[in-house]
Amino acid sequence: MYFKKSRDYFISKKVDGFFIDLNNALQFVLRFFKEVFKPPYEFKEIIRQCYQVGYKSLFLITLTGFITGLVFTKQSRPSLSEFGAASWLPSLVAIAIIRALAPLVTALIAAGKVGSNIGAELGSMKVTEQIDAMEVSAVNPFKFLVVSRVLATTLMVPMLMCYTGAVAMLGAFLNVHQNEMTSFVSFFQAAFDKISFLDIFASLIKSVVYGFTIGIVGCYKGFHASNGTEGVGKSANSSVVLSMFLIFVEEILIVQITNSFRT
Amino acid sequence: MEIENKNIDYNKLIISVRDLYKSFGENHVLQGINLDVFEKENVAVLGRSGTGKSVLIKIICGLLRPDSGTVNVLGKEVDKLNDKELRELRLQVGFSFQNSALYDSMSVRENLAFPLVRNARHLTKKEVTSQIESVLSDVGLSQTINQMPSELSGGQRKRIGIARTLILRPKIMLYDEPTSGLDPITSIEINNLINLVRQKFNTTSIIITHDLTCAKSTGDRVAMLFDGKFIKEGTFDEVFNTDDERIKNFYNYNFINQL
């Protein structure tokens, strides 16, 4: 009689579990890069997911972006006015929005809305055996579910970031116009005076990385959901928490890298 | 319902399972399973919940890997196949899930088209529709073609689940608890459908169930699984005409439950 011996722990159950999870996550990411270039391509599903990620997030992104721009300008004015530097407001706001706020706010909103949605949807498909059903129908569920969603978030988060930036700048302009009667053209001339190509390029790169992170984390958590409906809730929740954590870590790393190019 | 036209070919082995072991942690689910299924034969695997019945068919179709032992399906050792070979084998093995596992976000038409268009990319839209309509008519649910899974009853969901596997014209059908959660009349309809599928599509089937009526009406042979081992195999009457207390208890429990 043969039974596979349950493996003893190397360090402790928790530490071993962490490294096993890390290994599984890396394998998952590697599998994505292996599958993404392999035909057949699920174009229809990718477009459907782009619509889900992009269009359906627009309202929340518009609201958050506009309020961010408006409130940031309003809160910055007293400090700048104290030093008689209120005229610097447009460039200060533009630098803050383009370099940090637009990518970060978009990513956090997308992590909350899209990441949780992906985690819950795939988690529910996993526990109701829909993913197994694809597998036994000789369809590659990874390609259909994971590749399409990760591509959609990677493509759409940078677009949403550009949109957030524009809406936030509009919010900032309205506040500046209300207080200083600055014209639209003068505001944007002053705003973009201090913005370099590197700022815009770095923000785009950041958004691509954030979008990929949101998609891959949501899919990984959903694909590995277990324990019925409780597992679905957990996978949605952990998708958001882990995505946000990784987004902040990536933010620090990318800022360090881009700052090294500035000096 | 008695099966009329069996045509079982006892010279042609379709599924062969040898010394199969599978554990989940300390839970030893399968403990040395041996099973042979011949062409066009329906084998019902009976047993209580948690005895490893579903694990057995999940190993047969390659969804789970065994700890040891061999599973040979249509002459191929499942555990040794690469991804491409496994996908080719799965085109010939249909799997009907306990909870139907219909894709919630897709209509019945899309559920049925999903495996078909991805495995037969040369088909035109018209051909796909015609095959969907044909298989829906086989399971008696043509009228549901544009409905969503949430609008279907439990029995209808099971039938659509079976239709989704039949659309690929498999040689083998694996049914996981086909009658669980259904009322007695719908259960009889599903049992009749399983027999009809064998007759019309010439399939070889394994039916996993804890329902005696289902095992009796669909299985040419019944294999009784207890604590990860087959304790008796034969026709329904051979298996239950016994002094084995475990089988007698199972029979009585089922009988009481049906009262």
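Residues numbered from 1 in each chain as written. Chains lettered and ligands numbered in written order. Predicted model: local features only at pLDDT ≥ 70, side-chain atom pairs only at ≥ 80, totals over all residues.

K.L.:
Please clarify how the overall build of chain B should be interpreted in this entry.
P.N.:
Broken down by element type, chain B carries nine helices and ten strands. The C-alpha atoms of chain B give a radius of gyration of 18 Å, which matches the 18 Å a tight globule of 259 residues would have. Overall, the C-alpha framework of chain B stretches about 55 × 45 × 40 Å when taken along its three principal axes. In chain B, buried positions account for 43% of the 259 residues. Considering only intrachain contacts with a sequence separation of at least 6, the fraction spanning at least 24 residues in chain B is 67%. (Helix = DSSP H or I, 4+ residues; strand = E, 2+ residues; numbered from the N terminus. Rg over C-alpha atoms; globule rule 2.2 N^0.38 Å. Buried ≥ 20, exposed ≤ 12 C-beta atoms within 10 Å, placed from the backbone. Contact = placed C-beta atoms within 7 Å.)

K.L.:
Can you help me understand the overall build of chain A in this one?
P.N.:
For chain A, the count of helices and strands is nine helices and zero strands. With the C-alpha coordinates aligned to their principal axes, the bounding extent of chain A is approximately 85 × 45 × 35 Å. Every one of the 263 residues in chain A was classed for burial, and the buried ones make up 41%. A separation threshold of at least 6 residues defines the contact pool for chain A, and within that pool the share at least 24 residues apart is 87%.

K.L.:
I would appreciate a short explanation of the packing of helix 5 (residues 154-166) of chain B against helix 6 (residues 184-201) of chain B in the present structure.
P.N.:
Two quantities define a packed helix pair, namely the angle between the axes and the distance from one axis to the other. All names here are of chain B. Where helix 5 meets helix 6, the closest approach of the two axes is 10 Å, and the angle between their N-to-C directions is 15°. Our classification of the angle between helix 5 and helix 6 gives roughly parallel. For helix 5 against helix 6, the interelement crossing comes out right-handed. Facing helix 5, whose interface residues are Gly 155, Lys 158, Arg 159, Ile 162 and Leu 166, helix 6 presents Thr 186, Glu 189, Ile 190, Leu 193, Val 197 and Phe 201. Grouping the constituent residues of the contact of helix 5 with helix 6 by class yields six nonpolar, two polar and three charged. (Axes fitted to C-alpha atoms, helices over the stretch in contact; angles between N-to-C directions. Parallel < 35°, antiparallel > 145°, perpendicular 65-115°, else oblique. Left-handed = near helix turned anticlockwise from the far one by under 90°. Nonpolar A, V, L, I, M, F, W, Y, C, P; charged D, E, K, R; others polar.)

K.L.:
For this particular structure, what's the right way to read the interface of chain A and chain B?
P.N.:
In many analyses, interface size is given as the accessible surface area lost on bringing the parts together. On the side of chain B, 24 residues touch chain A, which itself brings 15 residues to the contact. Here the side of chain A that touches chain B is built from residues that sort into seven nonpolar, four polar and four charged.

K.L.:
Sorry if this is basic, but what is going on with the UniProt feature "transmembrane region" (unreviewed entry) in chain A here?
P.N.:
Residues and elements named next belong to chain A. Cross-referencing UniProt, the feature "transmembrane region" (unreviewed entry) maps to residues 53-72, 92-111, 150-175, 195-220 and 240-258 in the present numbering. In residues 92-111, the share of helix is 100% and the share of strand is 0%. The end C-alpha atoms are 27 Å apart. Counting secondary structure, residues 240-258 comes out at 100% helix and 0% strand; the distance between its end C-alpha atoms is 26 Å. (UniProt positions renumbered as here; feature names shortened; annotations may be inferred.)

K.L.:
Which parts of the structure should I look at to understand the pairing of strand 4 (residues 68-73) of chain B?
P.N.:
Consecutive side chains along a regular strand alternate between the two faces of the sheet. Residue and element names in this part refer to chain B. The pairing of strand 1 (residues 9-24) with strand 4 spans five bridges and is antiparallel. The residue bridging Val 17 from the neighbouring strand is Val 71, located in strand 4. Counting the residues between successive antiparallel strands, the hairpin from strand 4 to strand 5 (residues 76-77) contains two residues, one of them, Leu 74, with a positive phi of roughly 50°. (Pairing = 2+ DSSP bridges.)

K.L.:
Teacher, can you tell me more about the sheet that holds strand 10 (residues 229-234) of chain B here?
P.N.:
Residues and elements named next belong to chain B. Read across the sheet, six strands follow the order 6-7-8-3-9-10 without closing on themselves; strand pairing throughout is mixed. Each having just a single partner strand, strand 6 (93-96) and strand 10 make up the two edges of the open sheet. In this sheet, adjacent strand axes meet at a mean angle of 15° when their direction is disregarded. Two strands pair when backbone bridges link them, and strand 6 and strand 7 (residues 172-176) are joined in this way by four bridges, in the parallel orientation. Each residue of the ladder has a partner; that of Ser 96, found in strand 7, is Tyr 175. Running over the sheet, helix 5 touches strand 6 and strand 7 and is turned about 170° from strand 6.

K.L.:
Explanation requested: the UniProt feature "domain: ABC transporter" (unreviewed entry) in chain B in the structure shown.
P.N.:
The residues that UniProt annotates with the feature "domain: ABC transporter" (unreviewed entry) are residues 15-252 of chain B. Helix and strand shares over residues 15-252 of chain B are 39% and 26% respectively, and the end C-alpha atoms of the span are 31 Å apart.

K.L.:
Sorry if this is basic, but what is going on with the pairing of strand 8 (residues 204-209) of chain B here?
P.N.:
All names here are of chain B. Within strand 8, six of the six residues are buried, leaving the element largely enclosed by the surrounding structure. Where burial is concerned, the two faces of strand 8 agree: the one with Thr 204, Ile 206 and Ile 208 and the one with Ser 205, Ile 207 and Thr 209 are both buried. Inspection of the sheet shows strand 3 (residues 42-46) paired to strand 8 by five bridges, in the parallel sense. By the bridge assignment for strand 8, Ala 44 is matched with Ile 207. Since strand 7 and strand 8 lie parallel, the crossover through helix 6 that links them has a hand, and here it is right-handed. (Right-handed = clockwise from strand over helix to strand, strands pointing away.)

K.L.:
Is there a simple way to explain the nonpolar core in this structure?
P.N.:
General note: in soluble globular proteins, nonpolar side chains tend to be found buried as a group. Judged by nonpolar contacts, the single largest core of 118 residues is most densely connected at Cys 219 of chain A together with Val 45, Ile 60, Ala 163 and Leu 174 of chain B. Looking at this core, the element that brings in the most residues is helix 4 (residues 89-127) of chain A, giving 18 residues. Residues contacting Ala 163 of chain B, with those up to four places away along its chain left out, are Leu 112, Val 135, Leu 136, Asp 138 and Val 139 of chain B. Grouped together as the second largest cluster of nonpolar side chains are five residues, Ala 120, Val 127, Ala 225 and Ala 236 of chain A included. (Core = buried A, V, L, I, M, F, W, Y, C linked by C-beta atoms within 7 Å.)

K.L.:
Please clarify how helix 4 of chain A should be interpreted in this entry.
P.N.:
Given 3.6 residues to a turn, an α-helix orients residues that are three or four positions apart in the same direction. Of all bends in helix 4 of chain A, the biggest is about 50°, found at Ile 97 of chain A. Burial within helix 4 of chain A is extensive, with 32 of its 39 residues counted as buried. (Bend = angle between axes of the 7 residues up to and from the residue.)

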